[in-house]
Amino acid sequence: MSAPFATQLLGWKKLDSGQAVPNSADSSSTPSKALARKILDCLGVAPEVVLPDTPGNPGPKLETSVRDDLSGVLLKADPSRTWHVDHQKVISSFSQYTHLGKLKQAVLRNPILSADLGLDYLIKPDVTVGISNDRSPDTDPFLHAAVSCKWTIRSDRVQNIRHEFLQMIRHRRGRLPHLVTVTAEPMPSRLAAIARGTGEVDAVYHIAFDALQEAVAAVGSRQQKNDLAELVGQGRLRPYEELATTLVSW
């Protein structure tokens, strides 16, 4: 299984040296390049062919692709709900976090509060999924899910995800939204860096899940195979296609 937009984003790019490498690989890591190359092979992408429409920096395109895909899939899967799927919408627009908008005004009026609290709680997740309350149509929609889209996983990106989701856990007034990450990272050891933890992230959804499994089985080290088996076995790493199904079932 792979996301419907996976082969539109995954492909080859050329480095300044002229070498072609997979655009999901860490170009300084031999294992990363080997796994990413095998993933492309499993997806049927021609080797070392740099297509003009394959983004060299797919991160922003991943965000809008997830938004567009969920917008259509959720409406089709459950038309009885009024879905609101947005890109980088501030969480104070949703019912569990509307109080943060009022807090912002208080902070801006008070220099002491501004210094102590800052504004890092006014988070704009890459993709938000809201649901309107049909019984109270004038109220703000409920934040059903927050999706952090990270094309690849690096240590700084892991910390950013954890920080934002911890802020959302602490500041909510009401049920917690589904807090997830969507990625194309090819290395299980790096996926483990975000998928493991103490509950800041509910699950990590991979846009080329089956190809990843095939790649790790074919060219992954024993540790990479163990890491992947752990993440999949514990339900921490899942196919992207399961994200919409999970949201509809809640």
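Residues numbered from 1 in each chain as written. Predicted model: local features only at pLDDT ≥ 70, side-chain atom pairs only at ≥ 80, totals over all residues. Heavy atoms only, no water.

Asks: Explain the confidence of the model for the chain residue by residue, including any values.
Replies: Of all residues in the chain, 92% attain a pLDDT of 70 or more, and the chain-wide mean is 90. Within the model, pLDDT remains below 50 along residues 114-119, and this stretch shows eight contacts once partners closer than five positions in the same chain are excluded. (pLDDT = per-residue confidence, 0-100. Contact = heavy atoms within 4.5 Å.)

Asks: Please provide a residue-by-residue account of unusual backbone geometry, values included.
Replies: The phi dihedral of glutamate 48 is positive, around 60 degrees, even though this residue is not glycine. For glutamine 88, which is not glycine, the phi dihedral falls at a positive 55 degrees. Turning to its location among the elements, glutamine 88 is positioned in the loop between β3 (83-87) and α4 (98-109). (Helix = DSSP H or I, 4+ residues; strand = E, 2+ residues; numbered from the N terminus.)

Asks: So what's going on with the sheet that holds strand β7 (residues 203-206)? Residues and values would help.
Replies: Taken in spatial order, the six strands of this open sheet run β3-β4-β5-β6-β7-β8, and their pairing is mixed. Only two strands of the sheet have a single partner each, and these edge strands are β3 and β8 (237-239). Looking at each pair of strands side by side, their axes are set apart by 25 degrees on average, direction ignored. Direction of pairing for strand β5 (residues 142-150) relative to strand β6 (residues 178-183): parallel, over a ladder of six bridges. Each residue of the ladder has a partner; that of cysteine 149, found in β6, is valine 182. Packed on one face of the sheet, helix α7 (residues 188-195) meets β6, β7 and β8 and runs near 145 degrees to β7. (Pairing = 2+ DSSP bridges. Axes fitted to C-alpha atoms, helices over the stretch in contact; angles between N-to-C directions.)

Asks: Tell me what's going on with helix α9 (residues 222-233), and back it up with residues and numbers.
Replies: Structural remark: α-helix, 3.6 residues per turn; residues separated by three or four positions point the same way. In this model α9 runs 16 Å from its N-terminal to its C-terminal C-alpha over twelve residues, within 8% of the 16 Å that 1.5 Å per residue would give. Considered for burial, the residues of α9 that qualify are Gln224, Asp227, Leu228 and Leu231. Down the axis of α9, the buried side of the element spans an arc of 95 degrees, and every buried residue falls inside it. The exposed set on the far side of α9, more than 90 degrees from its buried face, consists of Arg222, Ala229 and Gly233. Looking at the buried side of α9, the elements it contacts are α7, α8 (209-219) and β8. Glycine 235 lies just past α9 and shows a positive phi near 75 degrees. (Expected span 1.5 Å × (residues − 1). Buried < 20%, exposed > 50% of the residue type's maximum accessible area, 1.4 Å probe, protein only. Arc of directions from axis to C-beta.)

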